[in-house]
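Here is what each chain is made of, one letter per residue.
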Amino acid sequence: MASDKVTACCKALIEKKLTITFVESASAGKMSYEFSTVFNSGKILIGGMVCYHSSMKEDLLHIPWGTIEKYSAESAEVTKLMAQNFYRYINSDICVALTGLTTPGGSERKGKPVGTIFIHIVFPDKEIAKRYEFKGSAESIIDQAIDVVADLILKEV
């Protein structure tokens, strides 16, 4: 069941007749799922793509070769390109990209611990890029990030 924030976000999008897509890495489709559970979500949710492995980001989202090697798959730069490139090919009003570190074994290091999440949202007339550090289990980190996405969208629509 969607959180109150996701429900409020969906209701606002429905009211304003705005559509949304997601391109997800760390959340592995959970963001799309959460938005899909809200009543009448079919009026706003176009769909999404899970691009967990770097090869998917490069092959399907056309992240330039060397970009992930330079910045890491979990970075503001890659998240921005994911959002912009998916938005370019999918007809929706809003596109959300999310990458990050929910468990050890990625690009975590000092200053970029597990719990670091990158969000990039493309709106028709602007873009928002954010970096967060959440605490908790992998599922909790993802749930917190999804609520933040819902809040960011609500502030703009």
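Thresholds applied
Residues numbered from 1 in each chain as written. Predicted model: local features only at pLDDT ≥ 70, side-chain atom pairs only at ≥ 80, totals over all residues. Heavy atoms only, no water. Helix = DSSP H or I, 4+ residues; strand = E, 2+ residues; numbered from the N terminus. Rg over C-alpha atoms; globule rule 2.2 N^0.38 Å. Contact = heavy atoms within 4.5 Å. Areas by Shrake-Rupley, 256 points an atom, 1.4 Å probe, with all protein chains shown as cover. Lys, Arg positive; Asp, Glu negative; His and termini not counted. Charge placed at Lys NZ, Arg CZ, Asp CG, Glu CD. Core = buried A, V, L, I, M, F, W, Y, C linked by side-chain atoms within 4.5 Å. Buried < 20%, exposed > 50% of the residue type's maximum accessible area, 1.4 Å probe, protein only. Pairing = 2+ DSSP bridges. Axes fitted to C-alpha atoms, helices over the stretch in contact; angles between N-to-C directions. Left-handed = near helix turned anticlockwise from the far one by under 90°. Nonpolar A, V, L, I, M, F, W, Y, C, P; charged D, E, K, R; others polar. Salt bridge = Lys/Arg side-chain N within 4 Å of Asp/Glu carboxyl O.

Enquirer: Describe the overall build of the protein, with residues and values.
Expert: Along the backbone of the protein there are six helices and five strands. The C-alpha atoms of the protein give a radius of gyration of 15 Å, which matches the 15 Å a tight globule of 157 residues would have. Considering only residue pairs separated by 6 or more positions, the protein has 62% of its internal contacts joining residues 24 or more positions apart. Looking at the protein as shown, the accessible area adds up to about 7900 Å², and 54% of this sits on carbon and sulfur atoms. One way to put it: in the protein the 18 positive side-chain charges average out to a point 4 Å from where the 19 negative ones average out.

Enquirer: Requested: an account of the nonpolar core, with residues and values cited.
Expert: In this structure, Ile20, Phe35, Ile94, Val96, Ile119 and Ile153 are the most contacted members of the largest nonpolar core, which totals 33 residues. The set of elements that each furnish at least two residues to this core consists of α1 (4-16), β1 (20-24), α2 (30-36), β3 (94-100), β4 (116-122) and α6 (138-156). No other element matches α6, which puts nine residues into this core. Apart from the residues lying within four places of it in its own chain, the contact partners of Ile20 are Leu13, Phe35, Ile44, Leu45, Ile46, Gly47, Ser92, Ile94, Val96 and Ile153.

Enquirer: Which residues make up the environment of Lys43, and what values do they have?
Expert: Looking at the secondary structure, you find Lys43 in the loop between α2 and β2 (45-50). The class of Lys43 is exposed, set by a relative accessible area of 56%. Among residues more than four places away in sequence, those in contact with Lys43 are Ile14 and Thr19.

Enquirer: Any details on the sheet that holds β1? Residues and values, ideally.
Expert: Across the sheet, five strands lie side by side as β2-β1-β3-β4-β5; this open sheet has mixed pairing. Lying at the two open borders of the sheet, with one neighbouring strand each, are β2 and β5 (127-133). Across the sheet, the axes of successive neighbouring strands diverge by a mean angle of 15°, strand direction being ignored. Relative to β3, β1 is paired through five bridges, and the arrangement is parallel. Bridged to Phe22 within β3 is Val96. Strand contacts of helix α5 (residues 76-89): β1, β2, β3, β4 and β5, with the helix running at about 150° to β3, the strand carrying the most contacts.

Enquirer: Explain the packing of α1 against α6 to me, and be specific about the residues and the numbers.
Expert: It is the contact of α1 with α6, at a shortest axis distance of 8 Å, that shows an interaxial angle of 35°. The two elements α1 and α6 meet at a crossing, and its hand is left-handed. Contacts from Lys5, Val6, Ala8, Cys9, Ala12 and Leu13 in α1 reach Ile146, Asp147, Ala150, Asp151, Ile153 and Leu154 in α6. Its residues placed into classes, the contact of α1 with α6 shows nine nonpolar, no polar and three charged.

Enquirer: How would you explain the pattern of salt bridges if you had to name every residue and give the values?
Expert: The final tally for this structure, using the stated rule, is five salt bridges. Here Lys5 ties to Asp151 by a salt bridge, and the two come within 3.3 Å at their closest N and O atoms. Note that Lys5 is positioned in helix α1 and Asp151 in helix α6, a separation of 146 residues in sequence. Note on Lys5: relative accessible area 37%, which makes it partly exposed. For Asp151, a relative accessible area of 26% puts it in the partly exposed group. We note a salt bridge from Glu156 to Lys126, for which the minimum N-O separation is 3.1 Å. Of this pair, Glu156 sits in helix α6 while Lys126 sits in the loop between β4 and β5; the two residues are 30 residues apart in sequence, bridging distant segments of the chain. Judged by relative accessible area, Glu156 falls into the partly exposed class, the value being 32%. For Lys126, a relative accessible area of 35% translates into the label partly exposed.

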